[in-house]
Amino acid sequence: MSLEAIIIYGLAIGLTIVSAVVDRDKTKKGFIKGTKSFLKLMPVLIPLFLFVGILLAVITPSFISSLLGEESGFVGVLLGLSVGSVTFMPPFVAFPLGKELLQSGGAYPQVAGFLVTLMSVGVVYFAAESKFFSKKSAFLRNTVSLIGAIIVVGIVAVIYG
Amino acid sequence: MIKFIRNNKFLVISLLLLAIMTGVDISLTYTALENTRDQLLDMLLIVLPIFLLIGLFDVWVERDTVIRLMGQSSGLKGMALAFFLGAFSAGPTIAAFPLAMVMLKKGARYSNVLFFLMVWSSLKLPIVFFQVTQLGFEFAMLINAIMLLVFIVAALISEKFYTRSELDAFEEKAEELS
């Protein structure tokens, strides 16, 4: 189990116990509410993960390395930004990959663009995000993050270039 | 039929892609399905306790409290709280959506919720620590400082993009989904 999972389970279980000690009825109500919203949202999420699975079969770490190499230049930056926006990869795979790319020969702006969009821009999540908030909100958040990533790439290129 | 396709775009596109992949190389299809299974299990693992937390939040935290701390006139305090909630978190961004939704439902201000989501996506502390160990302090902090600045500016001006009724609609939608 990852550190993340441990933190979140600890929190959820601890608070549930405290809550149940203080007020059992309220805890039960909370439990039912949580389950209900979970069941409502699952149909949105499951097809999404089928799509993510397909993406990950095609876009593998070695495929990404081949795109973002040292000599990839401006095209590499654009590829980094777009692959990062579309793909979905756990940070514990992504950052070591970034480290490897940096060690094998620079490419700082490309790697920065890839990592930042990977974390903050989620094109695959767009459908789910629109359903929770609105299309406009999903668009706004993703665009802001993409602009942020472009600024990061620019500054990194100046400093490390 | 057309309605079904429109409502299940992801499912239909995915099935089409799977069919194409099977034609090209069936081992790709297997990999894709295995990935789907792994990702789904990962997601469920992290999302289940989050829904438990959402339920507890819903029954214990009063609407007035959320309005006072993160509502329309919460100002800098509201933003600071949104930052801390996002930074002291764990899990993929998709796990943050339902939490953000319950905040909206309880009367939190949209700009604060958006800020929370953006901080969660990029600046979660467990990930930042890991990032530092992998990429080095300087490179990691440069990236994070720039993103934080962009997010702050975005949160401050975000509501200019919406009309009052669009902003109210967030709360109604959240009410409906939870």
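Residues numbered from 1 in each chain as written. Chains lettered and ligands numbered in written order. Predicted model: local features only at pLDDT ≥ 70, side-chain atom pairs only at ≥ 80, totals over all residues.

Scanning chain A from N- to C-terminus turns up 8 helices and 0 strands. When the helices and strands of chain A are listed from N to C terminus, the series reads α-α-α-α-α-α-α-α. Relative to a compact globule of 161 residues, whose C-alpha radius of gyration would be 15 Å, chain A shows 20 Å and is clearly more extended. Oriented by its inertia axes, the alpha-carbon framework of chain A measures out at about 65 × 30 × 30 Å. Expressed as a percentage of the 161 residues in chain A, the buried residues total 46%. Intrachain contacts of chain A at a sequence separation of at least 6 include 75% that bridge at least 24 residues. (Helix = DSSP H or I, 4+ residues; strand = E, 2+ residues; numbered from the N terminus. Rg over C-alpha atoms; globule rule 2.2 N^0.38 Å. Buried ≥ 20, exposed ≤ 12 C-beta atoms within 10 Å, placed from the backbone. Contact = placed C-beta atoms within 7 Å.)

A separate point is the domain arrangement of chain A. Along its sequence, chain A is carved into domain 1 (1–42) and domain 2 (59–160). Spacing between the C-alpha centres of domain 1 of chain A and domain 2 of chain A amounts to 33 Å. (Domains from an automatic or database assignment.)

This brings us to the domain arrangement of chain B. Residues and elements named next belong to chain B. For chain B, the domain assignment lists domain 1 (1–60) and domain 2 (61–178). Each of domain 1 and domain 2 was reduced to a C-alpha centroid, and the two centroids are 25 Å apart. Residue composition of the side of domain 1 that touches domain 2, grouped by class: 8 nonpolar, no polar and 1 charged. (Nonpolar A, V, L, I, M, F, W, Y, C, P; charged D, E, K, R; others polar.)

Axis separation between helix H1 (residues 3–22) of chain A and helix H3 (residues 26–60) of chain B bottoms out at 9 Å; the angle between their running directions is 35°. Every pair of crossing elements has a handedness; the one defined by H1 of chain A and H3 of chain B is left-handed. Contacts between H1 of chain A and H3 of chain B involve Glu-4, Ala-5, Ile-8, Tyr-9, Leu-11, Ala-12, Leu-15, Thr-16 and Ser-19 of chain A from the first element and Leu-45, Ile-46, Pro-49, Ile-50, Leu-52, Leu-53, Leu-56 and Trp-60 of chain B from the second. The residue inventory of the contact of H1 of chain A with H3 of chain B, partitioned by class, reads 14 nonpolar, 2 polar and 1 charged. (Axes fitted to C-alpha atoms, helices over the stretch in contact; angles between N-to-C directions. Left-handed = near helix turned anticlockwise from the far one by under 90°.)

Taken residue by residue, the interface counts 60 residues in chain A and 59 residues in chain B. For the side of chain A that touches chain B, the elements supplying multiple residues, two or more each, are H1, helix H2 (24–58), helix H5 (91–103), helix H6 (108–120), helix H7 (126–132) and helix H8 (135–160) of chain A. Looking at the side of chain A that touches chain B element by element, the count peaks at 22 residues for H2 of chain A. Taken together, the residues of the side of chain A that touches chain B sort by class into 39 nonpolar, 13 polar and 8 charged.

With that settled, the discussion passes to H6 of chain A. Between its terminal C-alpha atoms H6 of chain A stretches 18 Å, which fits the 18 Å expected from 13 residues at 1.5 Å a residue. Counting buried residues along H6 of chain A, 13 of its 13 residues qualify, which places the element largely inside the surrounding structure. (Expected span 1.5 Å × (residues − 1).)

What follows deals with helix H9 (residues 137–157) of chain B. In this model, H9 of chain B (21 residues) spans 30 Å end to end at C-alpha, consistent with the 30 Å of a helix rising 1.5 Å per residue. Turning to H9 of chain B, its buried residues are Phe-139, Ala-140, Ile-143, Ile-146, Met-147, Val-150, Phe-151, Ala-154 and Ala-155 of chain B. Take H9 of chain B and look down its axis: the buried residues cluster within an arc of 165°, on one side only. Set apart from the buried face of H9 of chain B by more than 90 degrees, the exposed residues are Phe-137, Glu-138, Leu-149 and Leu-156 of chain B. Residues of H9 of chain B that are buried in the fold lie against H6 and H8 of chain A together with helix H5 (75–87), helix H7 (110–123) and helix H8 (125–135) of chain B. (Arc of directions from axis to C-beta.)

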